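Structure assessment
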Amino acid sequence: MSDIQSDGGDCTEHRTAVTEAEAEALIRGICFKTGPPRALGVELEWLVHSLELPQLPVTPERLEAAYATVRTLPLASALTVEPGGQLELSSPPAASLMECVDTVSADLDAVRAALAGHGLGLAGLGHDPRHPPRRFLRAPRYDAMETCLDRTGPAGRHMMCSSASVQVCVDAGHEEPGPLGHTRRWWLAHQLGAVLVAAFANSPLVGLRRTGWRSTRQLMWMGIGPGRAGAPPLDREPRAAWARHALDAPVMCVRRDSGPWEVPEQLTFREWIRSRSPRPPTRADLDYHLSTLFPPVRPRGHLELRMIDAQPGTDGWVVPLAVTAALFDDPQAAETAYRTVKPLAERALDRPAPHNPLWADAARHALADPELREAADGCFAAALEALPRLGATTRVVDAVAGFRDRHVARGRCPADDLLDEGPPGGTRAHGRKDIRT
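What counts and what doesn't
- Residues numbered from 1 in each chain as written.
- Predicted model: local features only at pLDDT ≥ 70, side-chain atom pairs only at ≥ 80, totals over all residues.
- Heavy atoms only, no water.
- Helix = DSSP H or I, 4+ residues; strand = E, 2+ residues; numbered from the N terminus.
- Rg over C-alpha atoms; globule rule 2.2 N^0.38 Å.
- Buried < 20%, exposed > 50% of the residue type's maximum accessible area, 1.4 Å probe, protein only.
- Contact = heavy atoms within 4.5 Å.
- Areas by Shrake-Rupley, 256 points an atom, 1.4 Å probe, with all protein chains shown as cover.
- Lys, Arg positive; Asp, Glu negative; His and termini not counted.
- Charge placed at Lys NZ, Arg CZ, Asp CG, Glu CD.
- Salt bridge = Lys/Arg side-chain N within 4 Å of Asp/Glu carboxyl O.
- 1 Å grid on protein atoms, 1.4 Å probe; cavity = no way out; pocket = protein on both sides within 12 Å on 5 of 7 lines; lining within 4 Å.
- Points joined across faces, edges and corners; volume = space filled by probe spheres on them.
- Nonpolar A, V, L, I, M, F, W, Y, C, P; charged D, E, K, R; others polar.

Re the overall build of the protein
- From N to C terminus, the protein includes 17 helices and 10 strands.
- Radius of gyration (C-alpha) of the protein: 21 Å, near the 22 Å computed for a compact globule of 437 residues.
- Expressed as lengths along the three principal axes of its C-alpha atoms, the size of the protein is roughly 55 × 55 × 45 Å.
- Across the 437 residues of the protein, 58% fall into the buried class.
- If you take every contact in the protein between residues at least 6 apart in sequence, the share linking residues at least 24 apart comes to 77%.
- A total of about 16,800 Å² of accessible surface is found on the protein, and carbon and sulfur atoms cover 52% of it.
- Averaging the coordinates of the 50 positive side-chain charges in the protein and doing the same for the 55 negative ones gives two points 4 Å apart.

Examining the pattern of salt bridges
- With the rule as written, the count across this model stands at 33 salt bridges.
- For Arg274, the salt bridge is made with Glu20, and the minimal N-O distance between the two is 2.9 Å. Of the two residues, Arg274 sits in helix H10 (residues 269-275) while Glu20 sits in helix H1 (residues 20-31), which places them 254 residues apart along the sequence.
- Judged by its relative accessible area of 58%, Arg274 falls in the exposed class.
- Given the relative accessible area of 22%, Glu20 is considered partly exposed.
- Measuring nitrogen to oxygen at the nearest pair gives 3.1 Å for the salt bridge that ties Arg185 to Asp329. On the criterion of sequence distance, the pair formed by Arg185 in helix H6 (residues 182-199) and Asp329 in helix H12 (residues 318-329) is long-range, its members being 144 residues apart.
- Through salt bridges with shared partners, a single network forms among Arg135, Asp143, Glu146, Asp150 and Arg157.

Brief notes about helix H17 (residues 414-421)
- Three or more residues of H17 are buried, namely Pro414, Ala415, Asp416, Leu418 and Leu419.
- Where H17 is buried, its residues touch H6, strand S6 (205-206), strand S7 (209-210) and helix H16 (394-406).

Digging into the layout of surface pockets
- Considering only enclosed or pocket space, the largest pocket measures out at about 800 Å³ in volume.
- Within the residue set of the lining of the largest pocket, elements represented by two or more residues are strand S1 (40-50), helix H5 (155-162), H16 and H17.
- Examining the composition of the lining of the largest pocket, we find that 4 residues originate from one element, H17, more than from any other.
- Classifying every residue of the lining of the largest pocket gives 20 nonpolar, 13 polar and 7 charged.

A few points about unusual backbone geometry
- Note that the residue after Ser277, namely Pro278, is joined by a cis bond; omega there is 10°.
- A cis amide bond links Ala353 with the next residue in sequence, Pro354, at an omega value of -5°.
- Tracing the chain through its elements places Pro354 in the loop between helix H13 (331-341) and helix H14 (357-365).
- One non-glycine residue, Leu349, lies in positive phi territory at about 55°.
- Position of Leu349 relative to the elements: it lies in the loop between H13 and H14.
- Note on Leu349: relative accessible area 47%, which makes it partly exposed.

Remember that the coordinates give geometry; whether it matters functionally is a separate question.
Following this line, the structure appears as C-alpha cells:
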C-alpha cells in the first residue's frame, strides 16, 4: 500500500477545475491500460519488531533511527513507511516472475541486515498480534485519514497502523476477450481473491486473543465499508463500473496548502464536482481521491491485488506471488482458475467484494471451508503445472509445492499454525473473542 505514504503532492498542482465528464474520462484512461500481459510486481508490507524483546513495542525514536539507515541502502525497490511504522518494499515492474523474486529478495536481504544492526527484524503477519494500533507518522494526510476512518469504528486505525500484506500487481490484460483479456482478469481477480484470502490467511490474533477469524486483517477491511474499501459490481464493463464507483465514493479530505485538511462527511467526488464547494476539485484532487480508495482489487493501469495477508518466514511472500502470477499470466492456468472459481461466485449473492458471504467465509474459516479448500487445491495444481512454463526455478516451485502439502492439502492456512504455536517470542494465544464490526 505504498500510496498511503504519499502526501498527495503539491495542492497547487492542476489548478483548473475538473468537470464530471473529464473526471470520468480520466479515470477510465488512468486505471485500465490494456495490452499483452508483460509485467509483474509485488508490494510487501512488514511489521517491525524488536529481536530481543518482541513483546514490547518499538519506540518511535528507535524506528526513526533504523529507517534512517535503511534509506541509505541502494535498493531497486521503492521503500516507504506506513502510518503505524510498518515497512513496505514495492518492486519495480519486472519482465518475469524470477526477475521480480530475485530483485525483491536481494533488497530484503539488505534491509534485514540494516535493521538487525538496530536490533530489529521483520515479521510476516497480516495483523499485529500483540500491540494496539499506534500511529508513527504525523502529517495532515494521516490526521485526515484517521478522522475519516474513525467515523466507521476502530477498523480504520487497525488498517492504518497494525496490518501488513503481500500485494501482487499484474497487468490489466488484453483489450480483446479470452483468458488474458482485461474483462476476464478483472472478474477472476475478485472471485479468485476469496481463495487467496483463505489460502494465505495469517492474522487470527489481536491483543494475543483469538478473534474467531483466520484473517482479521480482512475483517478490518470489511469494517471500513464499501464506499472506501469495496469493489464495484462485476456485472458491468470494468472501466465504466470503476469510474462510476470512484466518482460516487466518499471524499476522504479536501487538501490545503497549509493547516489541517478538511474532512467532509458524506461528500462524494461527484457531488464535490457539482457543488464546487468548499472549492472546485482539480485533476490533482481526483488523482488524490483515487489513492484513498482501498478496494480488494485496485485498478491503477495494472491490477493491484490487495487481499493477501503478509506471510511468515523469510521467503513466505514468494508463494502467493508465484501462485498469482501463474494463474493470471499463463493462459492454460488462467482458464483452469476461471473454471475452478466460477462455482464459488454464487456464494457472493451478487454483492461486491469483500462485503459478501463468500469473502466473509474466506476470512473467517479460510480453508476449513470445504468449497474454498477444493478451489484452492485446483488452483495450486494449475499454478504448479504452469510455473515451469513461466521460468520458475526449482526453489520457487518447491516452495509452492511445500505450501500446498503443508496447508492446502490439509485444509489449513498459516493462521492455523499461529494458533497452534502462539506468536513467536510471545505468550501462547488464549481465550476467544469474536470480533464483529
